[in-house]
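Descriptive structure summary
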Amino acid sequence: MTDMDLFCNNKNCRKRLTTCAWITSCSHAFCDEDADQTFFSTQNNILCPACNSQLPEKHDIVKVDLNPPDKFKSMVLAGLRPEIVMDVTNRALTFWHYQMYQELQYHKAINKRSSDNLTQAEETYTAEIMKLNAVLQKERRNKEALEKEVENQSRQLGELQDQIVQKNRHLQNLMALNNKLRCNTTSSQPNDSYDVTKPKRSNYSLGPTTLQDIRHTYDEVNHENASGQLQASKSFVFNPVTPPARPDERKKTFVNKK
């Protein structure tokens with residue numbers, strides 16, 4: 001198996017030909033499978049699978065042994081004139097030149113197709129990479145914003161924790177003061193069952209609570225006022241008023257009493 005091997009010219013086959021080949025007058029080569037399907041499936045209007053050329057003659061399709069024995073090599077051109085040998089050799093070399101040129105063009109087409117696919121893939125991947133870079137930049141900005149927000153939240157949380165600690169201290173102080181006041185109040189009360197936390201109730205009334213009570217109280221007050229004025233008018237007597245003594249008389253009176 002060398003670089004000079006023939007390949008089946010059917011583009012859907014492309015099998016390497018190492019033992020035998022079917023050669024057409026249009027300088028194409030095919031494998032046994034393609035020859036059976038193309039050349040022997042019909043006897044009329046045989047066409048070349050590679051170039052669609054008509055092959056009506058008997059020698060338009062020839063099966064060739066690619067590894068002939070030495071005896072065949074010594075006998076195949078024996079007895080032919082040199083110009084015939086040169087013509088046959090020239091035709092054989094032309095066939096090989098065409099096959100190599102065709103193989104080169106085939107590989108060039110494959111390479112061009114691969115290059116076009118590669119270029120298209122590079123453009124597609126470049127566009128995708130640009131999109132991914134844009135998404136990555138956006139995600140980085142979002143990450144930075146989230147980190148700043150987390151930092152702010154952490155700072156606020158620290159401040160709230162400090163405030164909670166201060167509130168707890170203040171609450172502890174208030175609870176201690178409350179307990180102290182409760183102990184002092186409890187010790188000052190003679191009754192052990194006295195509870196400082198409960199409000200002390202006194203048995204007294206703030207006055208009438210209904211409209212009837214107010215009317216009854218008003219009537220009693222008016223009756224007492226009327227009776228009091230009547231009694232005062234009956235028992236009132238005008239008595240003479242003694243003028244007060246002068247200061248010198250008061251002094252004499254004080255001396256006489258002594």
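To keep things clear, this report deals only with the structure shown in the data block. (Residues numbered from 1 in each chain as written. Predicted model: local features only at pLDDT ≥ 70, side-chain atom pairs only at ≥ 80, totals over all residues. Heavy atoms only, no water.)

Further remarks concern unusual backbone geometry. Unlike most non-glycine residues, arginine 14 shows phi in positive territory, near 55°. Residue position: arginine 14 is located in the loop between β1 (6–7) and β2 (16–17). Located in the positive-phi region is serine 27, a residue other than glycine, with phi close to 65°. As for its placement among the helices and strands, serine 27 is situated in the loop between β3 (20–24) and β4 (29–30). (Helix = DSSP H or I, 4+ residues; strand = E, 2+ residues; numbered from the N terminus.)

Another aspect to go through is the packing of aromatic side chains. Applying the stated criterion to the full structure yields 2 aromatic pairs. Each ring, one from phenylalanine 30 and one from phenylalanine 39, has its centre 5.8 Å from the other, and the planes form 80°; the classification is edge-to-face. Taking relative accessible area as the criterion, phenylalanine 30 reaches 0% and is therefore assigned buried. Ring centres of phenylalanine 95 and tryptophan 96 lie 6.5 Å apart, and the angle between their planes is 85°; this geometry places the pair in the edge-to-face category. (Phe/Tyr/Trp six-rings, centres within 6.5 Å; stacked < 30°, edge-to-face > 60°. Buried < 20%, exposed > 50% of the residue type's maximum accessible area, 1.4 Å probe, protein only.)

We now examine the layout of surface pockets. The space that makes up the largest pocket amounts to roughly 1,100 Å³. In terms of lining residues, the largest pocket is bounded by 30 residues, among which Ile23, Val64, Ala92, Phe95 and Trp96 are the most central. Elements supplying a minimum of two residues to the lining of the largest pocket: β3, β5 (61–65), α2 (70–75) and α3 (82–188). If one sorts the elements of the lining of the largest pocket by residue count, α3 sits on top with 8 residues. Taken together, the residues of the lining of the largest pocket sort by class into 17 nonpolar, 8 polar and 5 charged. The calculated volume of the second largest pocket comes to roughly 160 Å³. Lining the second largest pocket are 10 residues; nearest its centre among them are Phe39, Phe40, Ile46, Lys58 and Ile61. Residues of the lining of the second largest pocket, tallied by class, amount to 7 nonpolar, 1 polar and 2 charged. (1 Å grid on protein atoms, 1.4 Å probe; cavity = no way out; pocket = protein on both sides within 12 Å on 5 of 7 lines; lining within 4 Å. Points joined across faces, edges and corners; volume = space filled by probe spheres on them. Nonpolar A, V, L, I, M, F, W, Y, C, P; charged D, E, K, R; others polar.)

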